[in-house]
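Below are the chains, spelled out letter by letter.
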Amino acid sequence: MRRLIVNADDFGFTSGVNRAIMEAHTRGIVTSSTLMANGAAFSEAALLATANPLLSVGCHVVLIDGEPALDAQQLPTLTAQGRFRDGLKTFAARAIAGRMKADEIRAEASAQIRKIQAARISVSHVDTHKHTHLFPTILRPVLRAAAECGVRAVRNPFGPRMPLRSSQLLRRPNLWTRYAETRVLSRFAGKFLEAVDRDGFATPDGTLGIEVTGTLDETLFHAIAQSIPEGTWEFVCHPGYNDSDLRAATTRLRESREIELRALTLPAAREVLDQQGIQLISYRELRESGSRTG
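Fair warning: this is a prediction, and the values are worked out from it, not measured in the lab.

> Could you clarify how one ought to interpret the overall build of the protein in this entry?
Check the secondary structure of the protein and you find 13 helices and nine strands. Taking all 294 residues of the protein together, 55% fall into the buried category. Within the protein, residue pairs in contact and separated by at least 24 positions form 80% of the contacts whose partners lie at least 6 positions apart. Carbon and sulfur atoms provide 50% of the accessible area of the protein, an area that totals close to 12400 Å².

Dropping the structure here:
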């Protein structure tokens, strides 16, 4: 059996991103989304989420780029000048060195989850902005925060060994570079599964789409769909509209969000999944089925 969760990240980032996610859900293949508690368009996203109960909504825990839910003075190892410290490379180095306090991470993650729950949204799962929970020192307090809030499903940020046929990677050199970067980080995969099993969380067998973030189009989606292994997988996507709000925001994903939206809403996307015998499910259904729980 092959099952696929299609999760749209950055819900609440801008109004255009909200609109695109809802279109990708109602007219396309998106089954789940993760909401940014401190996103500029959070209130609108919360209303859309409650009005569309078939969309499984999780918390997109932000620990990098942006402002925290708690007072920044309570988070001295995570913030500088009232904001999270920017830069993934710097974050990675500090995470590996254990220079961020677990209690601060747990408290901030908990505050973000509870803000979404306070908007009368049943939080189905958690993931993190830029997949920072792949680092064990970040994962442990994020899982603790989720458990304290009654959330028992989490994204597995590690992908299959070959998410695309080598011919696709060779045809697009930038994908090969991205693939190599993700392979280096895969050394943390074993610790991730140990922690998830120990704490009793449901999680997919892994993620698809991280390597193609910013370059996803219809051709690449078809290539990924035709390469999905057995099991339950999550496809990560970032649909949106490149409007004035997005152009004013801090993100490298601009025009690519509209290209992704088209790929996710074309009838061909659902057709290729049907042809491959892949069942679409949401994180809510994953949690209920208890996939990969300890």
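> How should the pattern of salt bridges be read in this particular structure?
As a working rule, side chains carrying opposite charge can pair if their charged atoms are close by. Within the structure shown, the criterion is met by ten salt bridges. Linking Asp127 and Arg155 is a salt bridge whose minimum nitrogen-to-oxygen distance equals 3.0 Å. With a gap of 28 residues between them, Asp127 in strand β6 (residues 126-128) and Arg155 in the loop between α5 (136-148) and α6 (166-171) connect regions that are remote in the sequence. An identical accessibility class is assigned to Asp127 and Arg155; each is buried.

> Explanation requested: the packing of helix α1 (residues 15-26) against helix α2 (residues 42-51) in the structure shown.
For any two helices packed against each other, the geometry is given by the interaxial angle and the distance between the axes. Here α1 crosses α2 at 15 degrees, and the two axes come no closer than 9 Å. In terms of orientation, α1 and α2 fall into the roughly parallel class. Viewed along their axes, α1 and α2 form a crossing whose handedness is right-handed. Where α1 approaches α2, its residues Ser15, Asn18 and Met22 are matched on the opposing element by Glu44, Ala45 and Leu48. Of the residues in the contact of α1 with α2, the class split is three nonpolar, two polar and one charged.

> Looking at this structure, how should I read the environment of Glu260?
The residue Glu260 is located in helix α11 (residues 255-265) in this model. Judged by relative accessible area, which is 2%, Glu260 ranks as buried. Expressed as a C-alpha distance, the spacing of Glu260 and Leu216, which sit 44 residues apart in the sequence, is 5.9 Å.

> Please clarify how unusual backbone geometry should be interpreted in this entry.
With glycine set apart, most residues show a phi of negative sign, and most peptide bonds adopt trans. In this structure, Arg120 takes a positive phi of about 65 degrees despite not being glycine. Along the chain, Arg120 turns up in the loop between α4 (102-118) and β6. Since its relative accessible area comes to 79%, Arg120 is described here as exposed.

> How should I be thinking about the nonpolar core in this particular structure?
Proteins that are soluble and globular tend to have nonpolar side chains buried together. Membership of the largest hydrophobic core comes to 75 residues, with the highest contact counts inside it found for Leu4, Ile138, Phe221 and Phe235. In contact with Ile138, not counting residues within four places along its chain, are Leu63, Phe91, Ala95, Met100, Ile105, Thr132 and His133. Among the nonpolar cores identified, the runner-up in size contains six residues, and Ala153, Ile281, Tyr283 and Leu286 belong to it.

So, how was this worked out
Residues numbered from 1 in each chain as written. Predicted model: local features only at pLDDT ≥ 70, side-chain atom pairs only at ≥ 80, totals over all residues. Heavy atoms only, no water. Helix = DSSP H or I, 4+ residues; strand = E, 2+ residues; numbered from the N terminus. Buried < 20%, exposed > 50% of the residue type's maximum accessible area, 1.4 Å probe, protein only. Contact = heavy atoms within 4.5 Å. Areas by Shrake-Rupley, 256 points an atom, 1.4 Å probe, with all protein chains shown as cover. Salt bridge = Lys/Arg side-chain N within 4 Å of Asp/Glu carboxyl O. Axes fitted to C-alpha atoms, helices over the stretch in contact; angles between N-to-C directions. Parallel < 35°, antiparallel > 145°, perpendicular 65-115°, else oblique. Left-handed = near helix turned anticlockwise from the far one by under 90°. Nonpolar A, V, L, I, M, F, W, Y, C, P; charged D, E, K, R; others polar. Core = buried A, V, L, I, M, F, W, Y, C linked by side-chain atoms within 4.5 Å.

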